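What follows is the residue order along each chain.
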There are 2 protein chains.
Amino acid sequence: MRALTKGIMLLGASAILPVAAVAEDHSAPNGEKEANWSLVIHGGAGTISRDKITAEKDAEIRAKLTQALDAGEAILAEGGDAADAVIAAIMVLEDDPNFNAGKGAVLTWEETFSLDSSIMEGATRNAGSAAGVSATKNPILLARAVMDKSRHVLLSGAGADAFSQEQGLEQVEQDYFATPHRVKALEAFKLRMNAAAKGSAKAMGQDALGRDWRFGTVGAAALDESGNIAAGTSTGGMTGKRWGRIGDSPIIGAGTYADNRSCGISATGAGEYFIRVGVAQEFCTRVRIAAEVSESPPSAETVQKTADAVIAEMGALGGSGGIIYLTPWGQIGYAFDTPGMYRGMASSAQPKSVAIYGDE
Amino acid sequence: MRALTKGIMLLGASAILPVAAVAEDHSAPNGEKEANWSLVIHGGAGTISRDKITAEKDAEIRAKLTQALDAGEAILAEGGDAADAVIAAIMVLEDDPNFNAGKGAVLTWEETFSLDSSIMEGATRNAGSAAGVSATKNPILLARAVMDKSRHVLLSGAGADAFSQEQGLEQVEQDYFATPHRVKALEAFKLRMNAAAKGSAKAMGQDALGRDWRFGTVGAAALDESGNIAAGTSTGGMTGKRWGRIGDSPIIGAGTYADNRSCGISATGAGEYFIRVGVAQEFCTRVRIAAEVSESPPSAETVQKTADAVIAEMGALGGSGGIIYLTPWGQIGYAFDTPGMYRGMASSAQPKSVAIYGDE
């Protein structure tokens, strides 16, 4: 049920090269096809199993994941920018009501929509995030505006809404985000909370972060032909979240990280645990140090083991969820401890693939 | 102008022991005094030099730093808890108008006070943070309430204010936080901004994150007799901050981290750069991996070099600031790239010390 690794490895490299050099040398000594670009996406992890998803929904999700990959591929295959590809892929998922980001976001305790997003570029490690925004149609575009048009990394609440308007991003009414299944989910959540503990913080947390949960956060990471990595994440957060709760998605180092020296990564899951472990950065730092210590790019196996170890560490604290990742050396992979994760990958060197369940 | 290291090292240990075992074995084979507890604090870093500070202010700052150390020591020397000591030390600085936290916080662009705080415990890696709160007298107490009384890690804005009230924490009017020198600082900032670029995001960021700046954020890290580490940070953020900007102080992994396997750390500086590097977690992860690779506690020199390297990495991106740290092996230190940092350390093994300038 863990993680597929379909990485392409640069075998025989004798030392860690400067990023640009590594990125330019995509030749694979053992005759494998060149890996000039790669892309990996997710649409959330959780208690996703065949008995819980209809054949129709299964097909719908796969089609949408494929569409998101196509949107990113269209940019990367033309030599386009990693951040552009990440944004294109994420926007497809934000616009689809099946995923908990943009349209289709979950509701807060106060029956509003409060959206979080982040993006990071691995060349400069520049980053932008937004937390608790209420009216931006595509929150990932706001993350990018924060990165490109301000000197800040993280904007929040009404201030982030004002910045979004000032930047001319498309604003929508809250109704735009609403879907019947999320309204029902909040009603069910409130019934459980009110019955159990009258909505106390402790009980709410226990329920919301329990293992029988589905996280519909979306995210993407891309490596472009110039050797630049980008990663991004977008979410509506947790159903019934209160008190201005911010999860891991807009936190650089927790839900998103990108560094041309090591990786691009986006996470989905019980955000609190991802923050405490610092999942995204922990993965990148471990991969980078593994490369530094061995003075060569880490093997695909090492990278996957690192991903699994970071997820296990998060799980040991009581959390649950998953990550998607890619490296500057062409490896692409997933790691998750939930029954399923909506996910997909594409690259110049391998056939496109999407998957839902843990045994795929 | 860098970093003093006055660490105590457990020489001769042949392997990394489980945390509890390391913590219990404070004997120093070379006859050094036992290091049962340690405490390190800061009150911000920046363009702090002798020509900019009067003798009276110098003495006032040193007295207050000493008082903060005393407050933490009173708990640690009695075998008390690391988190309690961190909170006691930070509250002294929050209550003092000289520091940019609690009373004496800087003003936002909208002429309000918007406070951030965080705390983390190294035994469980449990953590709590608050961003953009407006009425909690001691924001570090709110961070602790988030950690202990909710299953969330980060609460923000009006929601965090509501949670604070619900938890019965002391609420104050915004006027409580106000001090004449911060009002003047905002006026000066607005004049510069309005003259330069009519308050545009880009110009504001450039000014606010420039190197001629003083960051009055406060923080503390403690190691208690049980071998548990805690760290916390509290701040008013940047003068003239807008759009609900959140800096590194409430971000676990950026401004604060604690892990019994590696370190306790609190940061101060140009928060955006600390987030992008993930300074607090990066330091802890590097120290932990250094210990794992060598199968023994890293030397004080290795730890200090790691601290310097992480600050240098942050500086290479264009940022500026400093950190305080301690390890489970009794090392205590600072690293900063600013002319000065308000700081102090105390432990069961060495005389208490406070310092302001880089050459102390």
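Residues numbered from 1 in each chain as written. Chains lettered and ligands numbered in written order. Predicted model: local features only at pLDDT ≥ 70, side-chain atom pairs only at ≥ 80, totals over all residues. Heavy atoms only, no water.

Colleague: Explanation requested: unusual backbone geometry in the structure shown.
Modeller: With the exception of glycine, the majority of residues adopt a negative phi angle, and the majority of peptide bonds are in the trans configuration. With phi around 55°, A:Trp243 is a residue other than glycine that occupies positive phi space. Considering the arrangement of structural elements, one finds A:Trp243 in the loop between strand E7 (229-235) and strand E8 (256-259). On the basis of relative accessibility, which here comes to 5%, the residue A:Trp243 falls in the buried class. With phi around 65°, B:Glu111 is a residue other than glycine that occupies positive phi space. As for its placement among the helices and strands, B:Glu111 is situated in the loop between helix H3 (82-94) and strand E2 (115-121). Judged by relative accessible area, B:Glu111 falls into the exposed class, the value being 51%. (Helix = DSSP H or I, 4+ residues; strand = E, 2+ residues; numbered from the N terminus. Buried < 20%, exposed > 50% of the residue type's maximum accessible area, 1.4 Å probe, protein only.)

Colleague: Sorry if this is basic, but what is going on with the nonpolar core here?
Modeller: Nonpolar side chains tend toward joint burial in soluble globular proteins. Ranked by size, the top nonpolar core spans 96 residues in total, and within it A:Ile265, A:Phe283, A:Ile323, B:Ile265, B:Phe283 and B:Ile323 carry the most contacts. With sequence-adjacent residues up to four places away left out, B:Ile323 is seen in contact with B:Ile265, B:Ser266, B:Ala267, B:Phe274, B:Val279, B:Ala307, B:Ile311, B:Gly333, B:Tyr334, B:Ala335 and B:Met341. (Core = buried A, V, L, I, M, F, W, Y, C linked by side-chain atoms within 4.5 Å. Contact = heavy atoms within 4.5 Å.)

Colleague: Where do I start with the pattern of salt bridges in this structure?
Modeller: A side chain with one charge may pair with a side chain of the opposite charge, provided their charged atoms come close. Tallied over the entire structure, the rule returns 41 salt bridges over all chains. Across the salt bridge formed by A:Glu360 and A:Arg62, the nearest N and O atoms sit 2.8 Å from each other. One end of the pair, A:Glu360, is in the segment after strand E13 (350-357); the other, A:Arg62, is in helix H2 (residues 55-76), and 298 residues separate them in sequence. We note a salt bridge from B:Arg245 to B:Glu272, for which the minimum N-O separation is 2.8 Å. Taken together, the residues B:Arg245 in the loop between strand E7 (229-235) and strand E8 (256-259) and B:Glu272 in helix H8 (residues 271-277) connect sequence positions 27 residues apart. Neither residue differs from the other here; B:Arg245 and B:Glu272 are each classed as buried. Linked by salt bridges that have partners in common, A:Arg125, A:Asp259, A:Arg261, A:Arg288, A:Glu292, B:Glu282, B:Arg286 and B:Glu313 make up one network. (Salt bridge = Lys/Arg side-chain N within 4 Å of Asp/Glu carboxyl O.)

Colleague: What should I look at first to understand the environment of B:Trp37 in this one?
Modeller: All names here are of chain B. One can find Trp37 in the loop between helix H1 (19-24) and strand E1 (38-46). A C-alpha to C-alpha distance of 15 Å links Trp37 and Ala123, two positions 86 residues apart in sequence. Apart from residues no more than four positions distant in its own chain, Trp37 is found in contact with Glu73, Leu76, Ala77, Leu223, Asp224, Glu225, Ala346, Ser347 and Ser348.

Colleague: What's the story with the sheet that holds strand E9 (residues 263-269) of chain A in this structure? I'm lost.
Modeller: Neighbouring strands of a sheet are bound in pairs by backbone hydrogen bonds; such pairs are parallel or else antiparallel. Residues and elements named next belong to chain A. The sheet built from four strands is open, its strands ordered E8-E9-E10-E11 with antiparallel pairing. The sheet is open, and its two borders are formed by E8 and strand E11 (332-336), each paired with just one other strand. For this sheet, the mean angle separating the axes of adjacent strands, direction not counted, is 10°. On top of the sheet, helix H9 (residues 279-294) reaches E8, E9 and strand E10 (321-326); it is set at about 150° to E9, its chief contact. On the sheet, helix H10 (residues 300-316) packs against E10 and E11 and is oriented at approximately 155° with respect to E10. (Pairing = 2+ DSSP bridges. Axes fitted to C-alpha atoms, helices over the stretch in contact; angles between N-to-C directions.)

Colleague: Quick question: what am I supposed to make of the packing of H9(A) against helix H9 (residues 279-294) of chain B here?
Modeller: Describing two packed helices takes the angle between their axes plus the distance from one axis to the other. In contact at an axis separation of 10 Å, H9(A) and H9(B) are set at 45° when each is read in the N-to-C sense. Accordingly, the angle class assigned to the pair H9(A) and H9(B) is oblique. Once H9(A) is placed against H9(B), the crossing between them reads as right-handed. Touching A:Gln281, A:Glu282, A:Thr285, A:Arg286, A:Arg288 and A:Ile289 of H9(A) are B:Gln281, B:Glu282, B:Thr285, B:Arg286, B:Arg288 and B:Ile289, all from H9(B). (Parallel < 35°, antiparallel > 145°, perpendicular 65-115°, else oblique. Left-handed = near helix turned anticlockwise from the far one by under 90°.)

Colleague: How do you make sense of the interface of chain B and chain A when you look at a structure like this?
Modeller: Size of an interface, as often reported, equals the accessible area lost when the parts are brought together. In this assembly, 50 residues from chain B lie in contact with 50 residues from chain A. It is B:Arg151, B:Trp243 and B:Arg276 that lose the most area in chain B upon contact with chain A, and together they represent 20% of the buried surface on that side. The tally of links between chain B and chain A comes to six salt bridges. Applying the counting rule to chain B against chain A returns 32 residue pairs in polar contact (both at pLDDT 80 or more). Secondary structure elements with two or more residues in the side of chain B that touches chain A: helix H4 (139-149), strand E4 (154-156), helix H5 (157-166), helix H7 (201-208), H8 and H9 of chain B. It is H9(B) that provides the largest number of residues to the side of chain B that touches chain A, a total of six residues. Of the residues that constitute the side of chain B that touches chain A, the class distribution is 22 nonpolar, 13 polar and 15 charged. (Buried area = accessible area lost by both parts, 1.4 Å probe. Polar contact = N/O pair within 3.5 Å; in protein donor to acceptor, adjacent residues only side chain to side chain. Nonpolar A, V, L, I, M, F, W, Y, C, P; charged D, E, K, R; others polar.)

Colleague: When you look at the confidence of the model for chain A in this model, what are you seeing that I'm missing?
Modeller: Low pLDDT means the predicted coordinates in that region are not meant to be read closely. Residues and elements named next belong to chain A. Taken over all residues, the pLDDT of chain A has a mean of 87, while the share at 70 or more is 85%. Ignoring residues within four places in sequence, the model shows residues 1-33, a span with pLDDT below 50, making 80 contacts including any to other chains. Residue range residues 203-212 is modelled with pLDDT below 50. Its contacts to residues more than four positions away, or to other chains, number 32 contacts. Among the prediction metrics, the complex's ipTM stands at 0.88, with pTM recorded as 0.89. (pLDDT = per-residue confidence, 0-100.)

Colleague: Would you explain the pairing of strand E1 (residues 38-46) of chain A in this entry?
Modeller: The side chains of a regular strand alternate, residue by residue, between the two faces of the sheet. Residue and element names in this part refer to chain A. Counting buried residues in E1 gives nine out of nine residues, a clear majority hidden from the surface. Examined bridge by bridge, E1 and strand E6 (residues 218-223) share five bridges and lie antiparallel to one another. Along E6, the bridge assignment pairs Ser38 with Leu223. The sheet contact formed by E1 and strand E12 (residues 340-347) spans eight bridges and is antiparallel. Paired with Gly44 across the strands is Tyr342, a residue of E12.

Colleague: Got a minute to help me understand the state of the cysteines in this structure?
Modeller: In a disulfide, the sulfur atoms of two cysteines are held together by a covalent bond. Residue and element names in this part refer to chain A. Tallying each qualifying case throughout the model produces two disulfides over all chains. Paired by a disulfide, Cys263 and Cys284 hold their sulfur atoms 1.9 Å apart. Looking along the S-S bond of the Cys263-Cys284 disulfide, the torsion reads about -50°, which is the left-handed sense. Remark: Cys284 occurs in helix H9 and Cys263 occurs in strand E9; sequence separation between them is 21 residues. Each member of the pair, Cys263 as well as Cys284, is classed as buried. (Disulfide = S-S within 2.5 Å.)

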